[in-house]
Structures are given as structure tokens and as C-alpha cells.
Amino acid sequence: MAKFIRLQPSGKEITCAEDQTVLEALEHAGYALPNNCRAGACGECKTRVLSGTFDQGFVMDMALSRKDRAAGYGLMCMAKPTSAALELDYGTADAQPKLFPPRTGVPFVVVDKMARAPEVVELRLRPLGGRLRYWPGQHVMVGSTDPAHAERQYSMANAPRPDGEIVLLVGRHRGGETSTWIHDALAEGDVVAVSGPYGTFIGDVSLEAPVVCLAGGTGLAPILALTDGALRRGFSLPVTIVYSARRSAEVYERGLTAYWQRRYPNFHFVVTLTREAGGSGEYGGRIPDILPGLFPHLAPYQVFIAGSPGFVAACEAAALVCHALPERVFTEAYVPRAQPALPASERLMEPSAVG
Ligand code: FES
């Protein structure tokens, strides 16, 4: 028999079918919950159950400690309600997902550094100690562990992983002290200080609508994280990334996007080049110029745009001309020396729920 799940403090109710886990029921109803392994091993989906009973199934102690259990937490990727109703501490008063409280100066080791394009390096960083929990699309501030290099903002390019590894794409900015340090001096094995997560470029996960993403330069990073998270959780509606670069050599992550295209028939990666002719299947010209030909009617879509402020403004204007609904357009612009945008405190998760 189907059970009810009530989300507090919003009071929204959803049904949970006999064979569904709580996570599956939430996602089926359009509510997002952080998750990763979906097998009771990583702890990412840990949630406080306010009332009702549930069968937790087999989960790892490191993902859900005795202390967690005693405090009423459960792993929703494995939990199945056994009482008629289960009440969860979920989201805000209007049922939006909560954000994780930022941490400051968390030490991460550079486990890999590689050139992705002439002016872009990819950093793979792993935390010493606890993982940094975040939503795909958010960013962190990265600086040196001594005060010599100021923190600068970089978006995660991957959805959360059980080992806590984050992937950053760092463009070289002329005169930019921190990006010059990262490109020219930072080495594998070095330790950096990471603060975050920050930002609300996570979209509206309750929207069941196809997705168009418009990215320029290292604006591809948050778009990759959002796509990674959506495809991994089984989002089945069309997802298209339109990526703008000046030259073919500046298009990176071709391997990952090719994998996604083969693995997920609903995913498409479109490249447009602005300073040289595109290869087979590629476009030429700026996104605002080619968008009407690709997506003349964007009203049914959610649109994500990330890149420089000028790029974002031009793409947003073009999307609206193509009939995108303003409330379904989500933007992330990289402003040089931007301060972290702290989310509204109302959306912050309680520290006890973060682990
Ligand atoms: S998603 Fe990993 S424990 Fe639930």
C-alpha cells in the first residue's frame, strides 16, 4: 500500500509507492535531495526523520553513524517507509532545497593538474578531512594556505563524489594574481585553501522541463556539474549544452561530453566557434546569433547560462527573444574579484544535518 511522505516545514505531501525508496519518491515528485552512491555508502542523502518509521535497509556505518541514527537521521536512498506517513525535515517553507552552510579555509590537496586548453587548466582537489558538501552549479573560493594569494571564485565542474574530489577549471586572466599562481606555480601535491560552497545557480529542481545550457569559456564548469548531477540521477528529458569558444583548440571536455552522448541518448553537445570555421557538425558564430536557428521557441525549456558578464547578458537577451520564460532562465556570471554571494540564511541546512 502506498505511504505518504510529508515535507516540513512546507507541509507538502507526496506518495511513496510500495517498492520505492524515499529518495525515489521525492525525485518522482520533483524534489531534489543530495545523493551520490544511491546505495547507503556515502551519506550524501542523510536526512532527519521527524516522525514515522522506516526500514533503513543495509547501509554502511561510515555513511550513517549510531549518533546519526540516535538523532533521527536516515539515508533516504535506502529508506522505505513502514508507517502510513513519514515526516521529513526537508527544504524551506516553500519546499525549495536547502543549501549547505559554507566552510572556510578547508585544506585540499592538488591530486591532478592538467592543461585542458591553451589558457585553461583543470585542477582535481581532494579534501583533507571531511568532504565539502555542495549542490551541482555552486562555486568555491580557492586561495593559498598562506596569505600570499587571494581567494578567487571557481565553480565545481563535477557533481559531488563519495571521495569528496572536486574538479575546477581555471582560466588564465591577464594580470590575475591568483590565476597566474595556479597556472604557473601550483603543483600536484600542493595544498590549497578552499572556502564554500557559495551561490544559488542550482536551478529549480522541481521543474520537469527539457534543458538548454549556454556556456562560454570556463562557464562550462557549473554547466558540466549540473549536467553530471542530472544525468546521474536519471533525468530523461532532452539536455543540450551549446558551448561557445573562439577556436577549436579551446573546446575542452570533448571526451566527457562524447561519453555522455553515447551513454545518454537525451544528451547533446553543440559547439560553435567564433574565430574560425567549425568542424563537421559544429557551428560558426556567437550563441546569440545562432540560438534562434537552434531553438526558436524556448518557452517549454529551462535555460542555464554561464560565462563572462557580457556573454551572459547577450545570451539571456537572445533566450528571451526566443520566448524563454524569465522565471526559467538561470544565470551565473563570473565577475572579476567577485565576493562570494552568501545564500539566504533561510536556505541553509542545519550544521547537524551536514555531517
Ligand atoms: S546516496 Fe549515498 S548513502 Fe544515500
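Calculation criteria
- Residues numbered from 1 in each chain as written.
- Predicted model: local features only at pLDDT ≥ 70, side-chain atom pairs only at ≥ 80, totals over all residues.
- Heavy atoms only, no water.
- Buried < 20%, exposed > 50% of the residue type's maximum accessible area, 1.4 Å probe, protein only.
- Helix = DSSP H or I, 4+ residues; strand = E, 2+ residues; numbered from the N terminus.
- Pairing = 2+ DSSP bridges.
- Salt bridge = Lys/Arg side-chain N within 4 Å of Asp/Glu carboxyl O.
- Expected span 1.5 Å × (residues − 1).
- Arc of directions from axis to C-beta.
- Contact = heavy atoms within 4.5 Å.
- Axes fitted to C-alpha atoms, helices over the stretch in contact; angles between N-to-C directions.
- Phe/Tyr/Trp six-rings, centres within 6.5 Å; stacked < 30°, edge-to-face > 60°.

Undergrad: Account for the pairing of strand E7 (residues 85-89), naming residues and giving values.
TA: In terms of burial, E7 is largely enclosed, as four of its five residues are buried. Of the pairings in the sheet, the one linking strand E1 (residues 3-8) to E7 comprises five bridges and is parallel in character. In the strand pairing of E7, Arg6 is matched with Glu87. Pairing of strand E3 (residues 46-51) with E7, which is carried by two bridges, proceeds in the antiparallel orientation. Counted as the bridge partner of Ser51 is Glu87 from E7.

Undergrad: For the pattern of salt bridges, give the residues involved together with the corresponding values.
TA: Under the definition given, this model contains 23 salt bridges. Note that Arg232 and Asp228 form a salt bridge whose closest N and O atoms lie 3.1 Å from each other. Here the residue Arg232 and the residue Asp228 both occupy positions in helix H4 (residues 220-232), the gap between them amounting to four residues, near one helical turn. Look at Arg232 and you get partly exposed, because its relative accessible area is 37%. Put simply, Glu250 and Arg247 hold a salt bridge, and the shortest N to O gap is 3.6 Å. Relative accessible area serves as the criterion here: at 18%, Glu250 is assigned to the buried category.

Undergrad: Help me get a handle on helix H7 (residues 309-321), residues and values and all.
TA: For H7, which comprises 13 residues, the first-to-last C-alpha distance of 18 Å matches the rise-based estimate of 18 Å (1.5 Å per residue) to within 8%. If you check which residues of H7 are buried, you get Phe311, Val312, Cys315, Ala318 and Ala319. For H7, the buried positions fall inside an angular range of 135° around the axis, keeping them on one side. Exposed residues lying more than 90 degrees from the buried face of H7 are Gly310 and Val321. Packed against the buried residues of H7 are strand E14 (211-216), strand E15 (239-245), helix H6 (287-294), strand E18 (302-307) and strand E19 (329-333). At the exit of H7 stands His323, carrying a positive phi of roughly 75°.

Undergrad: Describe in detail the sheet that holds strand E11 (residues 152-155), supporting the description with residues and values.
TA: Strand order in the open sheet formed by six strands is E11-E10-E13-E8-E9-E12, with antiparallel pairing between adjacent strands. Unpaired on one side and paired on the other, E11 and strand E12 (166-171) mark the two borders of the sheet. Direction aside, neighbouring strands of the sheet carry axes that sit 40° apart on average.

Undergrad: Mind laying out the packing of aromatic side chains, listing which residues take part and the relevant values?
TA: Inspection of every chain in the model, using the stated rule, returns eight aromatic pairs. Seen from their ring centres, Tyr31 and Tyr90 are 5.7 Å apart, and the 80° between their planes marks the pair as edge-to-face. One end of the pair, Tyr31, is in the loop between helix H1 (22-28) and E3; the other, Tyr90, is in the loop between E7 and strand E8 (103-117), with 59 residues separating them in the sequence. Each of the two residues, Tyr31 as well as Tyr90, counts as buried. Connected via pairs of aromatic rings, a cluster forms that spans Phe201, Phe304 and Phe330.

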